[in-house]
Each structure stands twice: as structure tokens, then as C-alpha cells.
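Inside the fold
Now for the letters of each chain:
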Amino acid sequence: MATKANHHFIPQFYMRGFSEGVGRKASVFAFDKDTGKMFKTLVRNVGSRRNFFRVEVNGVDPNALEDAMAEIEGGISVHLADVIATRSFPSDDHFSSVMTLIAGISARNPRFRNQMDIFHQDVAKKLLGVALSSKEVWDSQARRMRDLLP
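A quick note: this is a predicted structure, and the numbers were derived from the prediction, not measured. (Residues numbered from 1 in each chain as written. Predicted model: local features only at pLDDT ≥ 70, side-chain atom pairs only at ≥ 80, totals over all residues. Heavy atoms only, no water.)

Considering all chains together, one arrives at 4 aromatic pairs under this definition. Between tyrosine 14 and phenylalanine 18, the ring centres sit 5.3 Å apart and the planes meet at 70°, which makes this aromatic pair edge-to-face. The class for tyrosine 14 is partly exposed, based on a relative accessible area of 30%. Taking the centre distance of 4.9 Å and the plane angle of 80° together, the rings of phenylalanine 52 and phenylalanine 53 count as edge-to-face. Take phenylalanine 52: its relative accessible area is 9%, and that puts it in the buried class. On the accessibility criterion, phenylalanine 53 (4% relative accessible area) is buried. Three or more aromatic residues link up through ring pairs in this structure, and these residues are Phe9, Phe52 and Phe53. A cation over an aromatic ring shows up here: arginine 113 above the ring of phenylalanine 52, its NZ or CZ 3.7 Å from the ring centre. (Phe/Tyr/Trp six-rings, centres within 6.5 Å; stacked < 30°, edge-to-face > 60°. Buried < 20%, exposed > 50% of the residue type's maximum accessible area, 1.4 Å probe, protein only. Lys NZ or Arg CZ within 6 Å of the ring centre and 35° of its normal.)

Two numbers describe how helix 2 (residues 64-86) lies on helix 3 (residues 92-107): the axes approach to 9 Å, and their chain directions differ by 115°. Taken together, the axes of helix 2 and helix 3 are roughly perpendicular relative to one another. Crossing geometry of helix 2 relative to helix 3 is assigned as left-handed. Across the interface between the two elements, Ile76, His79, Leu80, Asp82 and Val83 of helix 2 pack against Asp93, His94, Ser97, Val98, Thr100 and Leu101 of helix 3. Here the contact of helix 2 with helix 3 is built from residues that sort into 5 nonpolar, 4 polar and 2 charged. (Axes fitted to C-alpha atoms, helices over the stretch in contact; angles between N-to-C directions. Helix = DSSP H or I, 4+ residues; strand = E, 2+ residues; numbered from the N terminus. Parallel < 35°, antiparallel > 145°, perpendicular 65-115°, else oblique. Left-handed = near helix turned anticlockwise from the far one by under 90°. Contact = heavy atoms within 4.5 Å. Nonpolar A, V, L, I, M, F, W, Y, C, P; charged D, E, K, R; others polar.)

Attention shifts here to the pairing of strand 3 (residues 37-42). Strand direction decides the pairing type here: strand 2 (residues 27-32) and strand 3, joined by 6 bridges, are antiparallel. Across the sheet, the residue bridging to valine 28 is threonine 41, located in strand 3. The hairpin turn running from strand 2 into strand 3, its antiparallel successor, is 4 residues long, and glycine 36 in that turn takes a positive phi close to 75°. (Pairing = 2+ DSSP bridges.)

The subject of this paragraph is the environment of leucine 42. Following the sequence through the fold, leucine 42 ends up in strand 3. In this structure, the C-alpha to C-alpha distance between leucine 42 and glycine 23, residues 19 residues apart in sequence, is 9.8 Å. In this structure leucine 42 touches Arg24, Lys25, Ala26 and Ser27, once residues within four positions along its chain are discounted.

And the structure:
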């Protein structure tokens with residue numbers, strides 16, 4: 001099985017709508033927030049991170065998530081092309097596809113992932129803080145866990 005390493009959190013089909021050129025030669029202008037520089041590059045070089053959607057679970061294909069998103073994006077790209085061509089939503093499915101695209105771009109990016117990591121760490125620290133707040137609370141939690149054992 002081929003390993004796909006360059007995972008796009010902004011779908012390439014979407015970026016090609018703003019590009020010069022066609023297919024693998026499609027290019028866009030990008031802005032590097034850290035350096036303040038703008039540059040022209042191929043669509044495949046931006047909006048992605050190495051192994052961003054890789055799954056590290058025994059028995060699961062490491063590309064499972066990337067492959068599933070590619071399949072979903074295939075349908076979305078057809079619907080988006082129809083919406084652009086007709087300047088309307090020909091069906092409820094077309095509308096749903098555009099909303100799915102917007103939601104995906106909003107939620108599957110490095111900034112959102114980082115915010116979710118921070119949130120989960122904060123919740124874990126607070127729960128642990130409550131569990132360890134006193135010997136009585138800890139003993140009560142330990143008793144409840146022992147009661148769950150077979």
C-alpha cells in the first residue's frame with residue numbers, strides 16, 4: 001500500500017478554483033505569516049502538513065482517514081463545480097456539500113487541532129485536580145473504581 005504523506009487540510013480541488021494553470025501544474029499565491037512574504041507555488045505545496053491525518057491504530061490502515069476524506073471530497077468537488085456553473089444550489093445535496101466543505105476547512109486544520117489539544121489537556125488537568133483535591137475524594141474515587149471491577 002502506498003503511503004500518502006502530504007495531507008491537505010485545505011482540499012486541492014478547492015484551491016484550484018483560485019489558481020493559474022490546470023491539474024498538477026495549478027499554482028496559487030501564498031502568504032507566509034511568519035516571514036511576511038508572498039510567493040507563488042503549486043497547489044500541492046500549500047494547505048497541507050506531512051502525515052496530518054495519519055492514523056496510528058493497530059489494524060487500521062494509516063491512510064484510512066485521508067482516503068475517506070478524498071472520497072467525500074470527490075463528491076463535493078462535483079457539486080461545487082455545479083454550484084459555480086449555475087450560480088445556485090441545484091439541489092439540497094449541493095447545498096449540503098458546500099456546507100460540508102466549509103465545515104471541513106474550519107475544523108480540520110492545524111490551528112483548530114492545536115486548540116482542541118489545549119482544551120483536552122485543560123480538561124484532563126482539571127479532572128485530575130478534582131480527583132486529587134483531598135485524600136477523601138481520592139479514596140472515594142478509588143472505591144468507586146474498585147466496585148466496577150469484575
